[in-house]
Amino acid sequence: VQGSAFRLKNGQLLTCYHVISYARMIKVFKHGSPLVKYECAVAYQDDIYDIAILKFKKDVEPVHFLELSQDVAKQGDKLTIAGFPQYNKDASSYIFDAKVAGFREYHGQRLIVIDKTLVIGNSGGPALNKENKVIGICRTGAKSFEVRHDFIDYCVQPINVLNESIIPLKIF
């Protein structure tokens, strides 16, 4: 299974639950070092909000972390999307600008619809606001860049669901 994740201020990783839901063992690597793997344990998971928080089983050297925004996305807002869609060892990260095209209700949740293509591997990656703080987590998209859907399928889970979900960890 392939997906993206990003590091929080407390050193843990935030990703989508569907990225790790079928994994027996979770190993992650830093971009640019795919042969060096770090084993993680699930610290928190929520299949309804499609969120998972992972913690490293052993100490890992500090790296850059992303701050979470308290803001709520509005239609027309510019976002920066980052992740590793269809990642392979020679691939680079995929960073692009998108706009909030609208919102979509999905099982009682208000998802952010963006105007650009998300594909497998983007899941769990951050959507950043103009202050470069995480405003959402990339959640749904197409199977590949060649097989695109209607843009209504390119959705981001708002980060404010962390306040709605019962998270036993201080992550802000």
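Scroll up to find the structure.
Just so you know, these numbers come straight off a predicted model, no measurement behind them.

Draft legend 1. Region of the structure containing the overall build of the protein chain. Each helix and strand in the protein chain was counted, giving two helices and 11 strands. By the burial criterion, 45% of the 172 residues in the protein chain qualify as buried. Taking all contacts inside the protein chain whose residues are at least 6 apart in sequence as the whole, residues at least 24 apart take part in 59%. About 9,700 Å² of surface is accessible on the protein chain, with carbon and sulfur atoms providing 51% of the total.

Draft legend 2. Main features of the pattern of salt bridges. This structure, assessed with the given rule, holds three salt bridges. Here Lys57 makes a salt bridge to Glu39, at a shortest N to O gap of 3.2 Å. With Lys57 in the loop between strand S5 (51-56) and strand S6 (78-83) and Glu39 in strand S4 (residues 38-46), the pair connects residues that are 18 residues apart, well separated along the chain. On the accessibility criterion, Lys57 (52% relative accessible area) is exposed. Across the pair Asp97 and Lys78 runs a salt bridge whose closest N-O atoms are separated by 3.7 Å. Separated by 19 residues along the polypeptide, Asp97 in strand S7 (residues 94-106) and Lys78 in strand S6 bring together distant segments of the chain.

Draft legend 3. Here's a closer look at unusual backbone geometry. Look at His107: it is not a glycine, yet its phi comes out positive at around 50 degrees. Examined against the element boundaries, His107 turns out to sit in the loop between S7 and strand S8 (109-114). Positive phi, normally seen in glycine, also occurs at Asn132, with a value near 60 degrees. The residue Asn132 is located in the loop between strand S9 (126-128) and strand S10 (134-140) in this model. Asn132 sits in the partly exposed class, given a relative accessible area of 48%.

Draft legend 4. Broad picture of the environment of Leu118. You can see Leu118 is positioned in the loop between S8 and S9. Taking the C-alpha atoms as reference points, Leu118 and Tyr154, 36 residues apart in sequence, are found 5.6 Å from one another.

Draft legend 5. Broad picture of the environment of Gln109. As for its position among the elements, Gln109 is in strand S8. Exposure remark for Gln109: the relative accessible area of 5% places this residue in the buried category. Measuring from C-alpha to C-alpha, the distance between Gln109 and Val161 comes to 8.9 Å, with 52 residues separating the pair along the chain. Gln109 has contacts with Ile48, Tyr49, Arg104, Arg139 and Gln157, leaving out every residue within four places of it along the chain. A polar contact of 3.5 Å, which involves the side chain of Gln109, links it to the side chain of Gln157.

Draft legend 6. Molecular detail of the pairing of S6. Judged by how many residues are buried, S6 sits mostly within the fold: five of six residues are covered. Inspection of the sheet shows S6 paired to S7 by six bridges, in the antiparallel sense. What sits directly across from Ile81, in S7, is Phe96. Here two bridges tie S6 to S9, and the two strands are oriented antiparallel to one another. Considered in S9, the bridge of Ile81 is made with Ala127.

Rules used throughout
- Residues numbered from 1 in each chain as written.
- Predicted model: local features only at pLDDT ≥ 70, side-chain atom pairs only at ≥ 80, totals over all residues.
- Heavy atoms only, no water.
- Helix = DSSP H or I, 4+ residues; strand = E, 2+ residues; numbered from the N terminus.
- Buried < 20%, exposed > 50% of the residue type's maximum accessible area, 1.4 Å probe, protein only.
- Contact = heavy atoms within 4.5 Å.
- Areas by Shrake-Rupley, 256 points an atom, 1.4 Å probe, with all protein chains shown as cover.
- Salt bridge = Lys/Arg side-chain N within 4 Å of Asp/Glu carboxyl O.
- Polar contact = N/O pair within 3.5 Å; in protein donor to acceptor, adjacent residues only side chain to side chain.
- Pairing = 2+ DSSP bridges.

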